[in-house]
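Tertiary structure, described
As a plain string of letters, each chain reads:
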Protein chains: 8
Amino acid sequence: MNLQDMKELLEKVKNGDIEIEDALERLKDLPYKDLVFAKIDNHREIRVGYPEVIYCEGKTVEQVKSIVEFMLTKNKNIIATRASEEMYKAVKEICEDANYNKLGRIITIRRTEEKYTDSYIAIVAAGTSDLPVVEEAAETAKILGNRVEKVIDVGVAGIHRLLANLDIIRGAKVIIVVAGMEGALASVVGGLVDKPIIAVPTSVGYGANFGGLSSLLSMLNSCASGVSVVNIDNGFGAAYIASMINKI
Amino acid sequence: MNLQDMKELLEKVKNGDIEIEDALERLKDLPYKDLVFAKIDNHREIRVGYPEVIYCEGKTVEQVKSIVEFMLTKNKNIIATRASEEMYKAVKEICEDANYNKLGRIITIRRTEEKYTDSYIAIVAAGTSDLPVVEEAAETAKILGNRVEKVIDVGVAGIHRLLANLDIIRGAKVIIVVAGMEGALASVVGGLVDKPIIAVPTSVGYGANFGGLSSLLSMLNSCASGVSVVNIDNGFGAAYIASMINKI
Amino acid sequence: MNLQDMKELLEKVKNGDIEIEDALERLKDLPYKDLVFAKIDNHREIRVGYPEVIYCEGKTVEQVKSIVEFMLTKNKNIIATRASEEMYKAVKEICEDANYNKLGRIITIRRTEEKYTDSYIAIVAAGTSDLPVVEEAAETAKILGNRVEKVIDVGVAGIHRLLANLDIIRGAKVIIVVAGMEGALASVVGGLVDKPIIAVPTSVGYGANFGGLSSLLSMLNSCASGVSVVNIDNGFGAAYIASMINKI
Amino acid sequence: MNLQDMKELLEKVKNGDIEIEDALERLKDLPYKDLVFAKIDNHREIRVGYPEVIYCEGKTVEQVKSIVEFMLTKNKNIIATRASEEMYKAVKEICEDANYNKLGRIITIRRTEEKYTDSYIAIVAAGTSDLPVVEEAAETAKILGNRVEKVIDVGVAGIHRLLANLDIIRGAKVIIVVAGMEGALASVVGGLVDKPIIAVPTSVGYGANFGGLSSLLSMLNSCASGVSVVNIDNGFGAAYIASMINKI
Amino acid sequence: MNLQDMKELLEKVKNGDIEIEDALERLKDLPYKDLVFAKIDNHREIRVGYPEVIYCEGKTVEQVKSIVEFMLTKNKNIIATRASEEMYKAVKEICEDANYNKLGRIITIRRTEEKYTDSYIAIVAAGTSDLPVVEEAAETAKILGNRVEKVIDVGVAGIHRLLANLDIIRGAKVIIVVAGMEGALASVVGGLVDKPIIAVPTSVGYGANFGGLSSLLSMLNSCASGVSVVNIDNGFGAAYIASMINKI
Amino acid sequence: MNLQDMKELLEKVKNGDIEIEDALERLKDLPYKDLVFAKIDNHREIRVGYPEVIYCEGKTVEQVKSIVEFMLTKNKNIIATRASEEMYKAVKEICEDANYNKLGRIITIRRTEEKYTDSYIAIVAAGTSDLPVVEEAAETAKILGNRVEKVIDVGVAGIHRLLANLDIIRGAKVIIVVAGMEGALASVVGGLVDKPIIAVPTSVGYGANFGGLSSLLSMLNSCASGVSVVNIDNGFGAAYIASMINKI
Amino acid sequence: MNLQDMKELLEKVKNGDIEIEDALERLKDLPYKDLVFAKIDNHREIRVGYPEVIYCEGKTVEQVKSIVEFMLTKNKNIIATRASEEMYKAVKEICEDANYNKLGRIITIRRTEEKYTDSYIAIVAAGTSDLPVVEEAAETAKILGNRVEKVIDVGVAGIHRLLANLDIIRGAKVIIVVAGMEGALASVVGGLVDKPIIAVPTSVGYGANFGGLSSLLSMLNSCASGVSVVNIDNGFGAAYIASMINKI
Amino acid sequence: MNLQDMKELLEKVKNGDIEIEDALERLKDLPYKDLVFAKIDNHREIRVGYPEVIYCEGKTVEQVKSIVEFMLTKNKNIIATRASEEMYKAVKEICEDANYNKLGRIITIRRTEEKYTDSYIAIVAAGTSDLPVVEEAAETAKILGNRVEKVIDVGVAGIHRLLANLDIIRGAKVIIVVAGMEGALASVVGGLVDKPIIAVPTSVGYGANFGGLSSLLSMLNSCASGVSVVNIDNGFGAAYIASMINKI
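The structure displayed is predicted, hence computed values, not measured ones. (Residues numbered from 1 in each chain as written. Chains lettered and ligands numbered in written order. Predicted model: local features only at pLDDT ≥ 70, side-chain atom pairs only at ≥ 80, totals over all residues. Heavy atoms only, no water.)

Counting secondary structure elements, chain A contains 11 helices and 9 strands. Evaluated residue by residue, chain A yields a buried proportion of 63% over its 248 residues. Contacts in chain A between residues at least 24 apart in sequence constitute 68% of all its contacts with a sequence separation of at least 6. Accessible surface for chain A amounts to roughly 8,900 Å². Of this, 48% is attributable to carbon and sulfur atoms. (Helix = DSSP H or I, 4+ residues; strand = E, 2+ residues; numbered from the N terminus. Buried < 20%, exposed > 50% of the residue type's maximum accessible area, 1.4 Å probe, protein only. Contact = heavy atoms within 4.5 Å. Areas by Shrake-Rupley, 256 points an atom, 1.4 Å probe, with all protein chains shown as cover.)

Following this line, the structure appears as structure tokens:
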């Protein structure tokens, strides 16, 4: 219900076309039930190809399958993150063209054709062990309609590998930096380019890495400006906000 | 040294205007000393009004004063964050028009006229106790040339205060959310708007807040997409990346 | 031994119906053995349907089975929490009508008919991944004799879903809020209703969630008044205290 | 604006006593500004003596003073927690009858006469070092209109002191347990009484107490049922939810 | 009330020297008020010189003074730990012969003559910075009636210093080991002697010492058998249990 | 080499029965190789029945088996803690009379007859889930020659169960308290008895228990005097030091 | 490209043997692509036998195999750390002479003959459970061309075992100390010898060991000078820096 | 007592110049009292200029002064770290030529002339706020007789500053890297040079830096080989081990 609807309602009241009690009924729940809800839905629906997202961790195979089943009726793109291979097989049964990125543990189903952006998101990763997070981020960014360029295995232990790829990194509109261990890559990239950086700490490493804590703290304390951070291993979240920025 | 300089050097070599040994001397340190440095400087200098930044914590009053003194010779805008009032007074002695935001503990010196962006950054804060961080962010964003709109004291304990200000928040190009305690504001805003959010956890709170840890973890674990996080109380860092995004 | 018993004992002493030594014997251990024990038992027994509770984690299947076997002789309701399916099968062998809530990992055996309260406990959960905790809480609340209303998947990332269900939440006498990740739901509900809230952080999430730590800290630091917290994933504990409050 | 107000507005519209544009103006911001707010206000206002609360930590003396000044115009009870003596003096200047509980660091201003409940809240504390938290809780509970009984210095190191006071504890409708160090008091009380317990860990202790962490974890892991927990040293929060329960 | 008292009471009942109602009155609160209390008191009182203990941290000077004042009426030894110099002065006003160990921050008042044990407690400390804890332990041990031998500054960085003092350490009945930093001394002593060791981690150190955490964890993980641990800096606690063992 | 050996050597030197160079050879490495070793061995050997201890965690089945094989040649008692069933089977092959306590995961081999102490160690445990630690402690204490009394399932949630068993606890010379969750049992027992207490936190519990951290911190912060603590789940270590105390 | 190459290029320019544009092309990417890379490569290549290192954790068997395949074409020594037996089998298929240290989980392939150093690295370990880390360190040190001496099972619980091996430890040029539990060995060795010590905390232990945290903190807080620390269980890293020092 | 002394003693025994009992007396305590002590002293004394070290934190001004007073009698170099200005003044009273590095908080007293090494230690620091640690390290290294080169303010946010100083860093025999915040500098330097690196995390930073924890974890998890770590802010410790390496 928008202002126009409300005005018409008041006019009906004035003209006696509607009973006061009925008008009251329509108005009283309005703040919660209609307005807010509609507003949100609207600005989500206007963007073609926006996918529905399912976070599969902690859900059963059955649950994932039936959520997908319901979503397929809406005919939109679908992402299911942290999906096991078993989940993929279950989804495949009800949706022939579902895709599965095994490394990134992500199921994607396309129903609207993506119009890729001209500008691109650079995904820069320290090591090959960070690939699962890179893949989750890349798949997400792509189905959200972004062009993606990956620069892998450019950890700071061999700074020349990073320097050799600066052009492709600097050409991006927004950069996702993925790194485990000490997560220094985010600071170093942040010092070399003048683009917003979304840093993803990964749980790659051992011992005093404490499941990604070392790279998380490292990235939060980055001495370089222009770096913000998402949760450990959260490739999806990084791609989501990077997509928002890339599409500005 | 840019490509043009390099070309001229080679021409001098060809023409015998310079000895090979001398040319060699100029070239051999080039990767470290000149090129990289220049490249960075270049893309920083092309943006009018970009300020030099001094992080004052852990520095003596003397150190801050002499760093400012040196920077004044470059005739650029200057920001000094985490500056004590004593530092401000010392700076004031050598720079009449230095400004001090006491709450935000930030000194600003303007030398170039800012051209404010049309789009704006919204700074949304949970409580009045978060104001120091808000002020640090706002001052930084403004001297970087951004229009800023503040929405203060809209913590989730009274969600209606937030809902009542949705229009101004939704109108922004990028949003900074500042919150201490449980930091829930980031998630709630993230669920209501479709803009990139830079979340700043603050150390406001006590007990199990552990100096901002609770809001930091809360924001990193946000169930809403589109949220990334900077260090606890890091208003400057949030404004810096928000400015990058706002100027795209 | 209650006051009446004690009086009778003294009368026997007076009348010489009992030797002083024997009376002494009965009295000397009374503070520990009888009185306290009885007092506790009494105020527990007067409430019909109060169940015996077994915490199965760390117990063997054999241990659980024989504890149940012993309890069955008392002919009261029984709850066994954190019970594996294997444990349920073992219990089933000795008790035909044992029920198992697989998601909630809880076995219930009914021996007294519950008289449900008129007032109800609302269980509000952020996501479907929180369902195991919801089920543990719901089963517990019900066998304790409470009417329960569940409101699931109303996490703060889509605040409208929560607002749309406010009536049912506000209608409760006490509210259990179940949420993982950043646990913001507790604060938001706390700001919208004026009923006591028992918040249950869940271990749902990953990375900097640190096994539920982020939601735990979040809930403890809630900026909304009226929120208290139980242990991570402790659906049983939340239901127990909520039942106490609901039955006032 | 409540339903009655809304109905009258519609009647004025019908009768032509108000222009549609004017009615629209009053209605359009209603979902956020009025209705939600009103709804909350309403169920808050119906309880006489409900105080406004100011959390003073992190605020300046000036800020606290002017917030109180504004609140005084509403003629309601006021609580200001974590208030320094300096803040109290500033408030005193504008409000003759402001009271200050120095130990509890809490300012109270009474404008409505409290109608005390018949039932009472028992506040049970382990040691005299926990008194500041006890006082914050007691003052809060009282201005919210609750009868309060305090049982102090009954820590578990001398269990007989606790047992000797069981009657007064068992007579309460809801119990606040305040304890630092190992926080065992909550579990012991929880095992002895059948009333809801709100446990407040305090930062009393040293070394491996880690600012209240040991008692916090202890209380969250209580083996006794019926215990829920608020933030470290949060006497106010405990009293607030206890008051909700006591008034059921 | 002890068994003898109880017997006499029963005899009076039998002889009609007391009314049953009066006897009942005396007996009914007995489990909590008298017996338990008495039992504890009894086994405490039988040991001459057992002091009353006041933990001063978090108490005001006034509180400490009046607690001491009350205790003086009992004419027993008194210990006040973590006492400031100001507290000592206040106590001195009401008790001429109060002693103050400044380094150990402990006030002692003697009212019964100690009978020192033949066996002794060895207090072994790593460095001179650990002296405050050593002094707290030594004063406590002595007023509890133990002979004490101190071996200071024998940290493991110079193992020969420790080895040179082995005889005195091995001659003790129980050993208190005090160490900060990495706390290795407990393990080394544990490997060299066959006596029970009470280890006290101290907060001496910096950085990754985290306020004594490193030495605490170190001592808990001691590879040597026969080591148990008390709280960080808890010299009093170590001396208390060591005294119990020494007096067996 | 003991003093007697040394004396004989010197006499041989005096009598010319041995060359100085040869005597020198035997003496020069003596401080490290022989004397120290001997000294330790000596004071260990004088106590009949002292067992050799193998900590099996992190060792392979083969390693455990061959260590036992070697030890069997010394004809002494043997303890192997944290031993898997597979390890037990391997040991059984080479030692017919090896015993295995499955719950306590401990292998014992007896070669000397224990002379049990008159005094006993009481092992007091909060719940049945703590039994593995209880068993490890009990087996250890027994093979070290101590009489043991167990009091199980007396957690503080039902304080009467503990009070009912006070006599047996108070009769011990030293007490081991085993508890998980909030570990309050140590403080409560500490307040009721006047014997040294060795507290063992267990990893029983979930969520904010953090693998035993909550009970560990709880016990370290015990408000009762006379409590010292060993590592989480370290039943062996508790029994070892308790045995030292019991045998004084 | 080295200085000589650059000089020749300039001479060609001078002589007109190459067009300026072509020379420019070769020079412009030089800082990143060539020079830096070369520089690093150069000072790495000059040391015979320097191996390529693969960190296998988080990589698939396929990935490890193909990385090795590629490396074999360079004909250099290869180390693959944290390699599973399955990975070894896969590598064995393409490289007959690959070796596998099962305990140390490390694959080594030799292509250049090592010239062992005269000086040696001593690897000193507290217990047999630390052997996997010792083996990783030893294999690494050896393939890097160092002579290695191992001193195992000399934990501080039996200091004489350590003292008996001092000569071999003192004879080393650099010492690696490997210890879990409380990690005291590093401090003790540090106090006895005057050589640089690289300490490796291991995750051996349980409970409050927290996965190696206790030994890590212990070693970082060593009261002995001359100790520095690498990551938990990082035998490879310790050997690498020890090799650097040993070869000085 | 050395071998020669022992030989002479045996000869006296042989010749009857000493009683066996007396010889025995001298020999029996030898392992602990003499030999070990001497051995250590010897290898310390042979190096000219080795200073005595006093760690002042936690010591009183009086204690520091009298320790220095005693040391002065030995006529050796003295270092006092973490010394306050007040301590310096007290030392100055008894030692005219004491020097104080205010930033590094370190007192040095020279009694032997240092012979500086030809090779040097490079101290590389990320920011000017790290200077106190740099100064502590530099003063320590110098009085230990090392040549030192400092490279300050080369944090990774501006990698070109680091690259521009590579020559001086690569020329060192061993490198100390000092950095706070995210501590990435250690990894980056580690990737660029082939020398042993001693990394010192500093407590510079705020929020999620947690007193140096972020840089500590970062350095421990360095992806570059050849990096080992000392305690947070431990400039002295880094210089000590670096000196050991530099003097090889």
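The next thing to look at is the relation of the copies chain C and chain D. Least-squares fitting of chain C to chain D yields an RMSD of 1.1 Å, with the transformation described by 0.6 Å of translation along the axis and a rotation of 178°. Here the copies are linked by what is in effect a two-fold axis. No C-alpha of chain C lies nearer the rotation axis than that of Val229 of chain C, which sits 2.3 Å from it. An overlap of 97% is found between the interface residues of chain C and their copies at the interface of chain D, pointing to a shared contact surface. (Least-squares fit on C-alpha atoms with pLDDT ≥ 70 in both.)

How big an interface is tends to be expressed through the accessible area that disappears when the partners come together. Taken together, the contact pairs 34 residues of chain C with 33 residues of chain D. Carbon and sulfur atoms supply 62% of the area that chain C and chain D bury against each other, a total of about 2,900 Å² over both sides. By the criterion of area lost to chain D, the three top residues of chain C are Asp194, Leu220 and Ile248 of chain C, representing 21% of everything that side buries. Summed over the shared surface of chain C and chain D, the result is 0 salt bridges. There are 4 residue pairs in polar contact (both at pLDDT 80 or more) connecting chain C and chain D. Elements with a minimum of two residues in the side of chain C that touches chain D: α3 (30-45), α8 (166-170), α9 (185-192), β8 (197-201), α10 (213-220), β9 (227-229) and α11 (235-246) of chain C. Counted by class, the side of chain C that touches chain D contains 18 nonpolar, 8 polar and 8 charged residues. (Buried area = accessible area lost by both parts, 1.4 Å probe. Salt bridge = Lys/Arg side-chain N within 4 Å of Asp/Glu carboxyl O. Polar contact = N/O pair within 3.5 Å; in protein donor to acceptor, adjacent residues only side chain to side chain. Nonpolar A, V, L, I, M, F, W, Y, C, P; charged D, E, K, R; others polar.)

Placing chain C over chain A gives an RMSD of 0.6 Å and needs a rotation angle of 90°, together with 0.2 Å of translation along the axis. Such values leave the two copies arranged in the relation of a four-fold axis. Among all residues of chain C, the one whose C-alpha sits closest to the rotation axis is Phe210 of chain C, at a distance of 7.2 Å. Looking at the interface residues of chain C, only 7% of them are also at the interface in chain A, so each copy uses its own face.

Let us look at the packing of aromatic side chains. Under the criterion given, the structure shown has 24 aromatic pairs over all chains. On the numbers, 6.0 Å between centres and 55° between planes, the contact of Phe236 of chain B with Tyr240 of chain B is tilted. One end of the pair is Phe236 of chain B and the other is Tyr240 of chain B, both in helix α11 (residues 235-246) and 4 residues apart, which spans about a single turn. Geometrically, the ring pair formed by Tyr206 of chain D and Tyr55 of chain E is tilted, given 5.8 Å between the ring centres and 40° between the ring planes. Of this pair, Tyr206 of chain D sits in the loop between β8 (197-201) and α10 (213-220) while Tyr55 of chain E sits in strand β1 (residues 52-55), which puts the two residues in different chains. The positively charged end of Arg82 of chain B is found above the aromatic ring belonging to Tyr206 of chain H, 4.0 Å away from the centroid. (Phe/Tyr/Trp six-rings, centres within 6.5 Å; stacked < 30°, edge-to-face > 60°. Lys NZ or Arg CZ within 6 Å of the ring centre and 35° of its normal.)

All names here are of chain A. Secondary-structure assignment places Glu139 in helix α6 (residues 131-143). Here Glu139 occupies a buried position and makes no salt bridge, while the nearest side chain of opposite charge, Lys142, is found at 4.7 Å. One polar contact links Glu139 to Asn101, side chain to side chain, over a distance of 3.2 Å. In contact with Glu139, other than residues within four places in its own chain, are Asn101, Ile106 and Thr108. (Lys, Arg positive; Asp, Glu negative; His and termini not counted.)

Residue and element names in this part refer to chain E. Two elements in contact, helix α4 (residues 61-72) and helix α5 (residues 85-94), have axes whose closest approach is 9 Å; the angle formed by their N-to-C orientations is 35°. Regarding α4 and α5, the two cross each other, and that crossing is right-handed. Along the contact surface, α4 presents Val61, Val64, Lys65, Val68, Glu69 and Leu72, while α5 presents Glu86, Met87, Ala90, Val91, Glu93 and Ile94. When the residues that make up the contact of α4 with α5 are grouped by side-chain class, the tally is 8 nonpolar, no polar and 4 charged. (Axes fitted to C-alpha atoms, helices over the stretch in contact; angles between N-to-C directions. Left-handed = near helix turned anticlockwise from the far one by under 90°.)

The next subject is the sheet that holds strand β3 (residues 99-101) of chain D. Strand pairs in the sheet, formed through backbone hydrogen bonds, run parallel or antiparallel to each other. Residue and element names in this part refer to chain D. Within the open sheet, the 4 strands sit side by side as β1-β2-β4-β3. Their pairing is mixed. Of all strands in the sheet, those with a lone pairing partner are β1 (52-55) and β3, marking the two edges. The sheet shows a mean angle of 15° between the axes of neighbouring strands, taken without regard to direction. Across 3 bridges, the pairing between β3 and strand β4 (residues 106-109) is antiparallel. (Pairing = 2+ DSSP bridges.)

It is possible for side chains of opposite charge to pair when their charged atoms get near one another. All names here are of chain G. A full pass over the atoms with the stated rule returns 40 salt bridges over all chains. A salt bridge links Lys65 to Glu93; its shortest N-O distance comes to 3.0 Å. Pair noted here: Lys65 is in helix α4 (residues 61-72) and Glu93 is in helix α5 (residues 85-94), with a separation of 28 residues, a long-range link.

The next subject is the interface of chain C and chain A. Each partner contributes residues to the interface: chain C has 14 residues there, and chain A has 18 residues. Roughly 1,400 Å² of surface becomes buried between chain C and chain A when both sides are summed, with 62% attributable to carbon and sulfur atoms. At the junction of chain C with chain A, the criterion picks out 0 salt bridges. Linking chain C with chain A are 4 residue pairs in polar contact (both at pLDDT 80 or more), by the criterion used here. Put simply, the parts of the chain that give the side of chain C that touches chain A at least two residues each are α7 (159-163) and α8 of chain C.

Residue and element names in this part refer to chain E. Most of strand β8 (residues 197-201) is tucked away: 5 of the 5 residues are buried. Side chains Ile197, Ala199 and Pro201 of β8 all project onto a buried face; the interleaved residues Ile198 and Val200 project onto the opposite face, where all are buried too. Strand direction decides the pairing type here: strand β7 (residues 174-179) and β8, joined by 5 bridges, are parallel. In the sheet register, Val177 faces β8, and the bridge partner there is Ala199. A crossover links β7 with its parallel partner β8, the connecting element being helix α9 (residues 185-192), and its sense is right-handed. Once you follow β8 into helix α10 (residues 213-220) and on to strand β9 (residues 227-229), the crossover reads as right-handed. (Right-handed = clockwise from strand over helix to strand, strands pointing away.)

Moving on: the UniProt feature "domain: PurE" (unreviewed entry) in chain A. Mapped onto the present numbering, the UniProt feature "domain: PurE" (unreviewed entry) falls on residues 119-248 of chain A. Secondary structure content for residues 119-248 of chain A is 39% helix and 19% strand, and the end C-alpha separation is 10 Å. (UniProt positions renumbered as here; feature names shortened; annotations may be inferred.)

Here the focus is the domain arrangement of chain A. Residue and element names in this part refer to chain A. In terms of domains, chain A is made up of domain 1 (31-109) and domain 2 (120-246). The straight-line distance from the C-alpha centre of domain 1 to that of domain 2 is 25 Å. Both faces combined, the contact of domain 1 with domain 2 buries some 1,200 Å², and carbon together with sulfur accounts for 62% of it. Taken together, the connections running from domain 1 to domain 2 amount to 1 salt bridge. At the boundary of domain 1 with domain 2, the tally comes to 4 residue pairs in polar contact (both at pLDDT 80 or more). (Domains from an automatic or database assignment.)

Turning our attention to the environment of Arg105 of chain A. Residue and element names in this part refer to chain A. With respect to the secondary-structure elements, Arg105 resides in the loop between β3 (99-101) and β4 (106-109). Spatially, the C-alpha atoms of Arg105 and Ala80 are 8.6 Å apart, while their sequence positions differ by 25 residues. Sequence-distant contacts of Arg105, defined by excluding residues within four places in its chain, comprise Glu57, Ala80, Thr81, Arg82, Ala83 and Tyr100.

Turning our attention to the sheet that holds strand β4 (residues 106-109) of chain C. All names here are of chain C. Taken together, 4 strands build an open sheet; the order of strands is β1-β2-β4-β3 and the sheet is mixed. Both outer strands of the open sheet, β1 (52-55) and β3 (99-101), are each paired with one neighbouring strand and no more. Along the sheet, successive strands turn relative to each other by an average axial angle of 15°, direction set aside. Taken together, the 4 bridges between β1 and strand β2 (residues 78-81) define a ladder with parallel strand orientation. Paired with Tyr55 across the strands is Thr81, a residue of β2.

It is worth spelling out the packing of helix α6 (residues 131-143) of chain F against helix α11 (residues 235-246) of chain F at this point. Residue and element names in this part refer to chain F. Interaxial distance between α6 and α11 falls to 7 Å at its minimum, and their mutual angle equals 35°. Considering the relative orientation of α6 and α11, their crossing is right-handed. In this structure, α6 contributes Val133, Glu136, Ala137, Thr140 and Ala141 to the contact, and α11 contributes Gly235, Phe236, Ala239 and Tyr240. Along the lines of polarity and charge, the residues of the contact of α6 with α11 split into 6 nonpolar, 2 polar and 1 charged.

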